[in-house]
Amino acid sequence: MSPRTAVDTEGAWFEPEHIAQLRRHLPISYLDLVPVRTDVDGSVVEVGLLLRASGSGQIVRAIVSGRIMIHETIREAISRHIDKDLGPMAMPRIPVSPVPFTVAEYFPTPGISPFHDARQHAISMAYVVPIDGETAPQEDALELTWFGIDELLAESSPLDEMSGGHDLIVRRALAHVGAA
């Protein structure tokens, strides 16, 4: 049986060749999720960044991200991606309102926007997601590290290890929550 990567309207999975063809012809709906830890007052004190291998084989820091599937609400997609990357005990506080703090438009051609994804044109809604539970890297993530705000805003920062514009997503998230 061949690997499957996306569902169609009848709940069947698209073949990898079919999703690749769709990616060449249509923008794909995505989520970019910035997991955070907060103090008792609700102020962001840490941001969780994954360490994973990129498509080009480099080891990079990354945020939680992925497609929204057909017949899946944004809230369901947020929950699924947090569970997939941070583990089933992460206990995310899914935003009450599915209004993103920013929208990123990824292009396969570098230079059109600050966001780049060689595979596709994607429109990604970005959310800050507070995490209350225990986390551990899942799937293809090598590690998950929680960084303090000062570490992220330092001259030499883990944000320098990010690619495709994810560093800008984190910077926008920090500004959105008043931490930058």
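All values reported here derive from a predicted model rather than from experimental measurement. (Residues numbered from 1 in each chain as written. Predicted model: local features only at pLDDT ≥ 70, side-chain atom pairs only at ≥ 80, totals over all residues. Heavy atoms only, no water.)

### A look at the confidence of the model for the chain
No. 1: On average, residues of the chain score 89 in pLDDT, and 93% of them are at 70 or above.
No. 2: Across residues 1-5, where pLDDT falls below 50, the model places 12 contacts with residues more than four positions away in sequence or in other chains. (pLDDT = per-residue confidence, 0-100. Contact = heavy atoms within 4.5 Å.)

### With respect to the layout of surface pockets
No. 1: Roughly 1,000 Å³ of volume is contained in the largest pocket.
No. 2: Residue lining of the largest pocket: 36 residues in total, with Arg52, Ser65, Asp117, Arg119 and His166 positioned closest to the centre.
No. 3: At the level of elements, strand S3 (28-38), strand S4 (44-53), strand S5 (59-62), strand S6 (64-67), helix H2 (74-86) and strand S8 (122-130) are the ones that each hand at least two residues to the lining of the largest pocket.
No. 4: Per-element accounting of the lining of the largest pocket gives the leading share, 4 residues, to H2.
No. 5: Residue classes in the lining of the largest pocket are distributed as 10 nonpolar, 14 polar and 12 charged. (1 Å grid on protein atoms, 1.4 Å probe; cavity = no way out; pocket = protein on both sides within 12 Å on 5 of 7 lines; lining within 4 Å. Points joined across faces, edges and corners; volume = space filled by probe spheres on them. Helix = DSSP H or I, 4+ residues; strand = E, 2+ residues; numbered from the N terminus. Nonpolar A, V, L, I, M, F, W, Y, C, P; charged D, E, K, R; others polar.)

### Details of the nonpolar core
Where a protein is soluble and globular, its nonpolar side chains tend to be buried together.
No. 1: With 24 residues, the main nonpolar core has Val34, Val47, Leu49, Leu152, Ile169 and Val170 as its most contacted residues.
No. 2: Sorting the residues of this core by element identifies S3, S4, strand S7 (102-106), S8, helix H3 (149-153) and helix H4 (166-176) as the ones contributing at least two each.
No. 3: Those residues within four positions of leucine 49 in sequence are excluded, and the remaining contacts are Arg61, Ala62, Ile63, Glu143, Leu144, Thr145, Phe147, Leu152, Pro158, Leu159, Met162 and Val170.
No. 4: The next biggest cluster of nonpolar side chains, apart from the first, holds 18 residues, and it includes Ile68, Ala77, Ile78 and Ile131. (Core = buried A, V, L, I, M, F, W, Y, C linked by side-chain atoms within 4.5 Å. Buried < 20%, exposed > 50% of the residue type's maximum accessible area, 1.4 Å probe, protein only.)

### Observations concerning the packing of aromatic side chains
No. 1: According to the stated counting rule, one finds 1 aromatic pair in the structure shown.
No. 2: Judged by centre distance (5.3 Å) and plane angle (55 degrees), the rings of tyrosine 106 and phenylalanine 115 are tilted.
No. 3: Accessibility expressed as a relative area gives 6% for tyrosine 106, which makes it buried.
No. 4: According to the relative accessible area criterion, phenylalanine 115 is buried, its value standing at 4%.
No. 5: In this structure, arginine 37 is placed above the aromatic ring of tryptophan 146, and the distance from its NZ or CZ to the ring centre is 4.4 Å. (Phe/Tyr/Trp six-rings, centres within 6.5 Å; stacked < 30°, edge-to-face > 60°. Lys NZ or Arg CZ within 6 Å of the ring centre and 35° of its normal.)

### Side note on the pattern of salt bridges
Oppositely charged side chains may form a pair once their charged atoms are brought near each other.
No. 1: Considering all chains together, one arrives at 8 salt bridges under this definition.
No. 2: Note that arginine 80 is salt-bridged to glutamate 72, the shortest N-O span being 2.7 Å.
No. 3: With a relative accessible area of 16%, glutamate 72 lands in the buried category.
No. 4: Between aspartate 85 and lysine 84 there is a salt bridge whose closest N-O contact spans 3.1 Å.
No. 5: Here the salt bridges do not stand alone but share partners, grouping Arg52, Lys84, Asp85 and Asp140 into one network. (Salt bridge = Lys/Arg side-chain N within 4 Å of Asp/Glu carboxyl O.)

### What to know about the side chain of arginine 61
No. 1: Relative to the elements of secondary structure, arginine 61 occurs in strand S5.
No. 2: Classification of arginine 61 as buried rests on a relative accessible area of 10%.
No. 3: Within the structure, arginine 61 has its side chain in polar contact with the side chain of glutamate 143 (distance 3.2 Å).
No. 4: Within the local environment of arginine 61, its side chain forms a polar contact with the side chain of threonine 145, the two groups lying 3.5 Å apart.
No. 5: Each residue touching arginine 61, except ones within four places of it in the same chain, is listed here: Leu49, Leu50, Leu51, Glu143, Thr145, Phe147, Pro158, Glu161, Met162 and Ser163. (Polar contact = N/O pair within 3.5 Å; in protein donor to acceptor, adjacent residues only side chain to side chain.)

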